[in-house]
Amino acid sequence: MRILLTNDDGIHAEGLAALERIARTLSDDVWIVAPETDQSGLAHSLSLSEPLRLRQVADKHFALRGTPTDCVIMGIKQVMDIKPDLVLSGVNSGSNVADDVTYSGTIAGAIEGTMQGVRSFALSQAYSYSDGARIVPWEVAEAHAPALLDRLMAVDLPEGTFLNLNFPNCHPEDVQGAEVTAQGKLAFNLQIDARSDGRGLPYYWLKFGERAGAFATGTDIHALKHNKISVTPLKLDLTDYSVKDRVARALSGTE
């Protein structure tokens, strides 16, 4: 099996190294095309106004000055001579659940792999803070992902569907199994942090406030909160079929 890895945290990210170790439990034919720098929060964006600069870091390891989406396209269309059998994106530093999936470059890597006709999974690791520093238990994903991926490879996924895997913030031995979940809902409480530079000119940072959400049973948020691995099937088709007929009736004047 040929596997292509990417991420949004960059070529030197610890999570990418963890993902490579996970991938090598499944195959020896592992390729990496990852962003040269951190591309978190860029979602499924393309670089259309700047050239893509590719740099070989090691054998089958490439850094690209571009987004995760660019990396998957470059990997499949330029770097690899044969299309991969699997695209793995991650392991992200931080969970990608609920509304996070719409912002996530990690999810975007799996989206692009799916669009290219390759089975794709996104992997993310929840973490905590201690004294202002992130404490990311990479050992959780490393301990549980290999067997989980091996089982998930046997699942017959429909065209346009990929899997979003999130690993809980706990010790590996405290993981309470894996659960198939639905996408939850978070209130992001995004704020604008207004500042001034050395010349007194204004600039701004986006800032996360405390995030709240409906931690309903069966959602990705609920699973992580209860030390379970969340496996969420996501699909590319964004059509809301539940209102399609209502919109059609409104346009025809029958409603």
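Scoring rules and cut-offs
Residues numbered from 1 in each chain as written. Predicted model: local features only at pLDDT ≥ 70, side-chain atom pairs only at ≥ 80, totals over all residues. Heavy atoms only, no water. Helix = DSSP H or I, 4+ residues; strand = E, 2+ residues; numbered from the N terminus. Rg over C-alpha atoms; globule rule 2.2 N^0.38 Å. Buried < 20%, exposed > 50% of the residue type's maximum accessible area, 1.4 Å probe, protein only. Contact = heavy atoms within 4.5 Å. Areas by Shrake-Rupley, 256 points an atom, 1.4 Å probe, with all protein chains shown as cover. Lys, Arg positive; Asp, Glu negative; His and termini not counted. Charge placed at Lys NZ, Arg CZ, Asp CG, Glu CD. UniProt positions renumbered as here; feature names shortened; annotations may be inferred. Polar contact = N/O pair within 3.5 Å; in protein donor to acceptor, adjacent residues only side chain to side chain. Pairing = 2+ DSSP bridges.

**Let's talk about the overall build of the chain**
Of the regular secondary structure elements, the chain holds 6 helices and 15 strands. Relative to a compact globule of 255 residues, whose C-alpha radius of gyration would be 18 Å, the chain shows 19 Å and is just as compact. With respect to the three principal axes, the spread of C-alpha positions in the chain is 60 × 55 × 45 Å. Expressed as a percentage of the 255 residues in the chain, the buried residues total 47%. Taking the intrachain contacts of the chain between residues at least 6 apart in sequence as the baseline, contacts between residues at least 24 apart amount to 74%. Within the structure as shown, the chain displays about 13400 Å² of accessible surface, and the carbon and sulfur contribution to it stands at 52%. Taking the average place of the 23 positive charges on the side chains of the chain and the average place of its 33 negative ones, the gap between the two points comes to 4 Å.

**Focus: the UniProt feature "binding site: a divalent metal cation" (unreviewed entry) in the chain**
When the UniProt feature table is mapped onto this chain, "binding site: a divalent metal cation" (unreviewed entry) is found at Asp8, Asp9, Ser40 and Asn92. Spanning 85 residues, the annotated positions come together in the fold, the maximum distance between their C-alpha atoms being 9.2 Å. Mapping Ser40 onto the fold places it in the loop between β2 (29–35) and β3 (53–58). Setting aside its immediate chain neighbours within four residues, Ser40 contacts Asp8 and Asp9. A polar contact of 2.7 Å, which involves the side chain of Ser40, links it to the side chain of Asp38. Inspection of the secondary structure puts Asn92 in strand β5 (residues 86–93). The buried category is assigned to Asn92, whose relative accessible area is 6%. Contact partners of Asn92, with chain neighbours within four places excluded, come to Asp8, Asp9, Thr106, Leu123, Ser124, Gln125 and Trp138.

**Overview of unusual backbone geometry**
Glycine aside, residues mostly have negative phi angles, and peptide bonds mostly take the trans form. The peptide bond linking Gly90 to Val91 adopts the cis configuration, its omega dihedral lying at -15°. Take Val91: it is sitting in strand β5. Despite not being glycine, Lys60 shows a phi value in the positive range, around 65°. Among the residues examined, Lys60 registers a relative accessible area of 23% and is labelled partly exposed. Its identity as a non-glycine residue notwithstanding, Asn227 has a phi of 60°, on the positive side. You can see Asn227 is positioned in the loop between α5 (220–225) and β15 (229–235).

**What about helix α3 (residues 105–115)?**
The element α3 is largely enclosed, with a buried count of 10 among its 11 residues. Among the residues of α3, those classed as buried are Gly105, Thr106, Ile107, Ala108, Gly109, Ala110, Ile111, Glu112, Gly113 and Thr114. The elements touched by buried residues of α3 are β1 (2–6), α2 (68–79), β5, β6 (119–125) and β9 (161–167). Two to three positions downstream of the cap, the backbone nitrogen of Thr106 sits 3.0 Å from a side-chain oxygen, assigning the N-cap of α3 to Ser104. Backbone geometry just after α3 places Gly117 at a positive phi near 85°.

**Some words on helix α1 (residues 14–23)**
Burial analysis of α1 places 7 of its 10 residues in the buried class, the great majority of the element. In this fold, the buried residues of α1 make contact with β1, β2, β4 (61–65), β5, β6 and α4 (138–152).

**Topic: the pairing of β4**
Side-chain positions along a regular strand alternate between the two faces of the sheet. In terms of residue burial, β4 counts as a mostly covered element, since 4 of its 5 residues are buried. Bridge count for β2 against β4 is 4 bridges, and the pairing is parallel. If you follow Pro35 over to β4, its bridge partner there is Leu64. When β3 meets β4, the two strands line up antiparallel, connected through 5 bridges. Counterpart to Ala58 in the pairing with β4 is His61. Hairpin connection between β3 and β4: a loop of 2 residues separates the two successive antiparallel strands, and Lys60 in this loop has a positive phi of roughly 65°.

**Concerning the UniProt feature "domain: Survival protein SurE-like phosphatase/nucleotidase" (unreviewed entry) in the chain**
Under the UniProt annotation, "domain: Survival protein SurE-like phosphatase/nucleotidase" (unreviewed entry) lies at residues 3–186. Counting secondary structure, residues 3–186 comes out at 26% helix and 30% strand; the distance between its end C-alpha atoms is 33 Å.

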